[in-house]
Amino acid sequence: MIPRRYFYLGALLALSLACAPQTFADAPIVAVEDIKPASEHRRATRLITHFISNYHYKRAALDDELSSDILKNYIESLDPTKSYFTAADIQQFETHRDRIDDYLRSSSLSPVFSIFIRFRQRVQERVEFALTLIDKEWDFSVDESFVFDREDAAWEPDESALDELWRKRIKNDVLSLRLSGKEPADIESTLRKRYTNSFRHTAQLNGEDVFQSFINAYTTSIDPHTTYFSPRTSENFRIRMSLSLEGIGAVLQSENEHTLVREIVPGGPADKSGLLHADDRIVGIGQGRDGELTNVIGWRLDDVVDLIRGPKDSVVQLELLPKDVGLDGATTTIQIVRNKIKLEDKAAQKSVIEFEQTGYQAKVGVIEIPTFYLDFEGRARGEKEYRSTTRDVRRLIGELRQEGIAGLIIDLRSNGGGSLSEATDLTGLFIDQGPVVQVRDSQGRLSLEKDRDRGVAYEGPLVVLVDRNSASASEIFAGAIQDYQRGLVVGEPTFGKGTVQNLVDLNRFDQSMKGKLGQLKATIAQFFRVEGSSTQHRGVLPDITLPTALSIQDHGERAYENALPWASIKPAKFKPAGQGFVGKDKLRVAHEQRILSDPAFQALLAQEKAIIETRRKKEISLVESVRRQEHEKSRFEVRARRNKIRVAHGLEPLPEDDPQGNNSNERSRDDGEDDIDVVLDETGRILWDMIRSDLPAKRLADTVVLTDAQKAADSDAGEIATQ
């Protein structure tokens, strides 16, 4: 079951305001008596329930069963760590369990607002208690621990039990700061600000915030991609979807009161800097190169977004817990210059991998596609050279052909999708003609997206490289290449997002509300591959699955509690481009044997396992000596893994006293380490194996260059071996 926190993934930080950043600290405290539903909330509720009941792809009845799920989601969205409400509070809320559906139908929102008011009261009580313990003398030799992941924990029975929970929480906070080298006065000041801001943040939430939280508890009980945006959030979403974005370029989510980097946006400042990585956790944010860091542990995601925002060319500091260290590990601080993410930054790019194996030299082309983009405005203006994924890839294929490539890799890792028409047109570069994807809407009507252009741009050996973050349009392309037997899909099972969403502006239905109703993003259709199966939930399963796919059950659609299930329909009529690759099993065996003796790949697998272990850890020791030992062990293992990869690629190992092996402020190097791509290298070897085993000797001879040693060996043979 997916943690509740994943329902609120939100916040693509490729955003900016043309002004100085604003945080909740600038907002006024909201009086309790002012936290009540407004007329626009009641009107929005009527529109949302009508639209979901009549047009949503999943026909979910608004009944007592759904009512129970909504209440659960709403309570856990307020208190995901079960650190504020008591079991007695939860018991009182039970009176609403079978009535939430009635509240929605009648737009009677006062009962759910009263739950929030109780939450605000409990936050104030907990913060007041925390402030009495911050300067306490702690004994860090006592053998006890703190359970920080409380997703599966029971609600504490009473205030006394909550006091004990918070005693351990505060002791852990003090120890973590102590281990990071802070002095007692700094520790007290940091934690006093942290907890004071925690209450201030809650006290500044207004009726719009409460309404959005409740409606999203409703929408995500149906489907994780159906979301309500308040007017403020709608403006953020509008900025996010524009072609020219400003910010750092990262997708964030909340996890155990930390802000987790879920994805790095290709072409953005974070991507170009090489300093921020998926699975890093942001614990502090500062403005400018010398600004004071603000601790953001426990902050709501929207408020973290507000701090990271800023004008183009300004600097934001991020204090991070690196992805492969525990929550009590050493932090590192980086600086990123905010900038626009331009269309050209997200464009497809080419590179070449050169191989020398068994006496032959050959080139494999790589085209990396970060997103499926299309310059709609340029096309509408009639520009002949408007940018699109398909146009750029066609040009890059031509350039790679001139360089004499023997095969091609289409790299779709971390490609979250984009234009459906571009996914269709791109497929057409590799197949002659035919359907690419089937789309079924909420009324059950089926339509086909087809490639109608005859001919192909490339007919040679092809591999599509995917990972767990390849989603939507990426899955359509990879699935079509697999169904047409046009190439091999290599990598990890993909994200599994096989649904279509539509954004509905609620304000268009009631002009009298003057833009106060917000927007609804709702699921209205589902994708199906031409062979009939859905990309939903399961994703595209690679022909050769790389062993990096260790944690896919905790990722993508398969991890969402209310995700639409996998389904299938009748296959479309299509003609496969080939008869399938009969040597697939041999390729898989060769790959598995090769990586067993590849120190770089084994180090990559060790890193993946370390990240999984860190993410799944629920409890932490409060004994200082144990924690210091764990810190040192973690630093040693991180450096050892990096050194295995560096040495395998001809770089000098990091010395034991090198701070970069200890997660210091210097995360990137200038010696080529950032250019190492272990997965792409191995994918190239798989493609090269495929080329050698699948092509006749004469055709292979046209794609390789003999080394001097092999020329001598083959001088009497008259042909090139194809083993």
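Residues numbered from 1 in each chain as written. Predicted model: local features only at pLDDT ≥ 70, side-chain atom pairs only at ≥ 80, totals over all residues. Heavy atoms only, no water.

A.B. asks: Any chance you could explain the overall build of the protein here in plain terms?
C.D. replies: When helices and strands are counted, the protein shows 21 helices and 22 strands. When the 723 residues of the protein are sorted by exposure, 56% land in the buried category. Within the protein, residue pairs in contact and separated by at least 24 positions form 77% of the contacts whose partners lie at least 6 positions apart. Surface exposure of the protein reaches about 31300 Å², of which carbon and sulfur atoms provide 48%. (Helix = DSSP H or I, 4+ residues; strand = E, 2+ residues; numbered from the N terminus. Buried < 20%, exposed > 50% of the residue type's maximum accessible area, 1.4 Å probe, protein only. Contact = heavy atoms within 4.5 Å. Areas by Shrake-Rupley, 256 points an atom, 1.4 Å probe, with all protein chains shown as cover.)

A.B. asks: Looking at this model, I keep getting lost on the environment of Leu412. Mind explaining?
C.D. replies: Its place among the elements puts Leu412 in the loop between strand 13 (407–411) and helix 14 (420–427). A relative accessible area of 0% means that Leu412 is categorised as buried. For Leu412, the residues in contact, after removing those within four places along its chain, are Ile369, Phe372, Val464, Leu465, Val466, Ser470, Ser474 and Phe477.

A.B. asks: Help me out: how do you make sense of the packing of aromatic side chains in this one?
C.D. replies: Each aromatic ring pair is summarised here by two numbers: the centre-to-centre distance and the angle between the ring planes. Within this structure, the stated rule accounts for 14 aromatic pairs. Ring geometry for Trp166 against Tyr195: centres 5.9 Å apart, planes inclined by 55 degrees, an arrangement best described as tilted. Of this pair, Trp166 sits in helix 6 (residues 159–179) while Tyr195 sits in helix 7 (residues 184–203), and the two are 29 residues apart along the sequence. Looking at Tyr195, the relative accessible area reads 2%, which means it is buried. A connected cluster of aromatic rings, assembled from ring pairs, spans Tyr84, Phe85, Phe93, Phe116, Phe119, Trp155, Trp166 and Tyr195. Residue placement shows Lys136 over the ring face of Trp138; its charged tip is 5.4 Å from the ring centre. We note Arg169 situated over the ring of Trp166; from NZ or CZ to the ring centre the distance is 4.2 Å. (Phe/Tyr/Trp six-rings, centres within 6.5 Å; stacked < 30°, edge-to-face > 60°. Lys NZ or Arg CZ within 6 Å of the ring centre and 35° of its normal.)

A.B. asks: What should I look at first to understand the pairing of strand 9 (residues 332–337) in this one?
C.D. replies: Consecutive side chains along a regular strand alternate between the two faces of the sheet. Covered by surrounding structure in strand 9 are Thr332, Ile334 and Ile336 only, the residues Thr333, Gln335 and Val337 on the alternate face being uncovered. Pairing geometry for strand 8 (residues 315–321) and strand 9, over six bridges, is antiparallel. Paired with Val315 across the strands is Val337, a residue of strand 9. (Pairing = 2+ DSSP bridges.)

A.B. asks: How do you make sense of helix 15 (residues 473–483) when you look at a structure like this?
C.D. replies: The periodicity of an α-helix, 3.6 residues per turn, causes residues three or four positions apart to be oriented the same way. In terms of residue burial, helix 15 counts as a mostly covered element, since eleven of its eleven residues are buried. Within the span of helix 15, buried status applies to Ala473, Ser474, Glu475, Ile476, Phe477, Ala478, Gly479, Ala480, Ile481, Gln482 and Asp483. Downstream of helix 15 by a residue or two, Gln485 has a phi angle that is positive, lying close to 55 degrees.

A.B. asks: Even after reading the chapter, I still don't get the pattern of salt bridges, so can you show me in this structure?
C.D. replies: Opposite charge on two side chains permits them to pair, given that their charged atoms come into close proximity. Summed over all chains, the structure comprises 47 salt bridges. Residues Arg150 and Glu156 are paired through a salt bridge, measuring 3.4 Å at the closest nitrogen-oxygen approach. In this pair, the class of Arg150 matches that of Glu156, namely buried. A salt bridge links Arg445 to Asp441, with the nearest nitrogen and oxygen atoms 2.8 Å apart. (Salt bridge = Lys/Arg side-chain N within 4 Å of Asp/Glu carboxyl O.)

A.B. asks: When you look at the nonpolar core in this model, what are you seeing that I'm missing?
C.D. replies: Grouped burial of nonpolar side chains is what soluble globular proteins tend to show. Counting residues in hydrophobic clusters, the biggest one holds 65 residues, and the most contacted among them are Ile48, Tyr74, Phe85, Phe214, Tyr218 and Leu506. Each residue touching Ile48, except ones within four places of it in the same chain, is listed here: Ile215, Tyr218, Tyr228, Leu506 and Leu520. By size, the runner-up hydrophobic cluster in this structure holds 36 residues, among which are Val393, Phe430, Val437 and Phe527. (Core = buried A, V, L, I, M, F, W, Y, C linked by side-chain atoms within 4.5 Å.)

A.B. asks: Explanation requested: the pairing of strand 4 (residues 250–255) in the structure shown.
C.D. replies: Summarising burial for strand 4: five of the six residues are buried, a large majority. In terms of strand pairing, strand 4 meets strand 5 (residues 258–264) through six bridges, oriented antiparallel. In the sheet register, Leu252 faces strand 5, and the bridge partner there is Val261.

A.B. asks: Help me out: how do you make sense of helix 1 (residues 39–55) in this one?
C.D. replies: The end-to-end C-alpha distance of helix 1, which contains 17 residues, comes to 24 Å, matching closely the 24 Å that a straight helix rising 1.5 Å per residue would cover. Three or more residues of helix 1 are buried, namely Glu40, His41, Ala44, Thr45, Leu47, Ile48, Thr49, Phe51 and Ile52. (Expected span 1.5 Å × (residues − 1).)

A.B. asks: So what exactly am I meant to see when it comes to the packing of helix 1 against helix 8 (residues 207–219) here?
C.D. replies: A pair of packed helices can be characterised by two numbers: the angle between their axes and the separation between those axes. The N-to-C vectors of helix 1 and helix 8 enclose an angle of 15 degrees; their axes lie 12 Å apart at closest approach. For the element pair helix 1 / helix 8, the angle class is roughly parallel. The two elements helix 1 and helix 8 meet at a crossing, and its hand is right-handed. The residues of helix 8 that touch helix 1, namely those facing His41, Ala44, Thr45, Ile48, Thr49 and Ile52, are Gly207, Glu208, Phe211, Ile215, Tyr218 and Thr219. When its residues are assigned to classes, the contact of helix 1 with helix 8 shows six nonpolar, five polar and one charged. (Axes fitted to C-alpha atoms, helices over the stretch in contact; angles between N-to-C directions. Parallel < 35°, antiparallel > 145°, perpendicular 65-115°, else oblique. Left-handed = near helix turned anticlockwise from the far one by under 90°. Nonpolar A, V, L, I, M, F, W, Y, C, P; charged D, E, K, R; others polar.)

A.B. asks: So what exactly am I meant to see when it comes to unusual backbone geometry here?
C.D. replies: Glycine aside, negative phi is the norm for most residues, and most peptide bonds take the trans geometry. One non-glycine residue with positive phi stands out, namely Lys82, at about 55 degrees. By secondary structure assignment, the location of Lys82 is in the loop between helix 2 (64–78) and helix 3 (87–93). Phi at Gln485 takes a positive value of approximately 55 degrees, unusual for a residue other than glycine. Along the chain, Gln485 turns up in the loop between helix 15 and strand 17 (488–491). Among the residues examined, Gln485 registers a relative accessible area of 34% and is labelled partly exposed.

A.B. asks: In this structure, what is going on with the confidence of the model for the protein? I would like to understand it.
C.D. replies: Caution applies to low-pLDDT regions: their predicted coordinates should not be interpreted in detail. With 86% of its residues at a pLDDT of 70 or more, the protein has an overall mean of 84. The model gives residues 240–245 a pLDDT under 50, and that stretch makes 16 contacts with residues more than four places away or in other chains. (pLDDT = per-residue confidence, 0-100.)

A.B. asks: I keep staring at the environment of Arg379 and nothing clicks. Help me out?
C.D. replies: Relative to the helices and strands, Arg379 resides in helix 12 (residues 376–380). According to the relative accessible area criterion, Arg379 is partly exposed, its value standing at 42%. When residues no more than four places from it in sequence are discounted, the contact partners of Arg379 are Leu374 and Tyr386.

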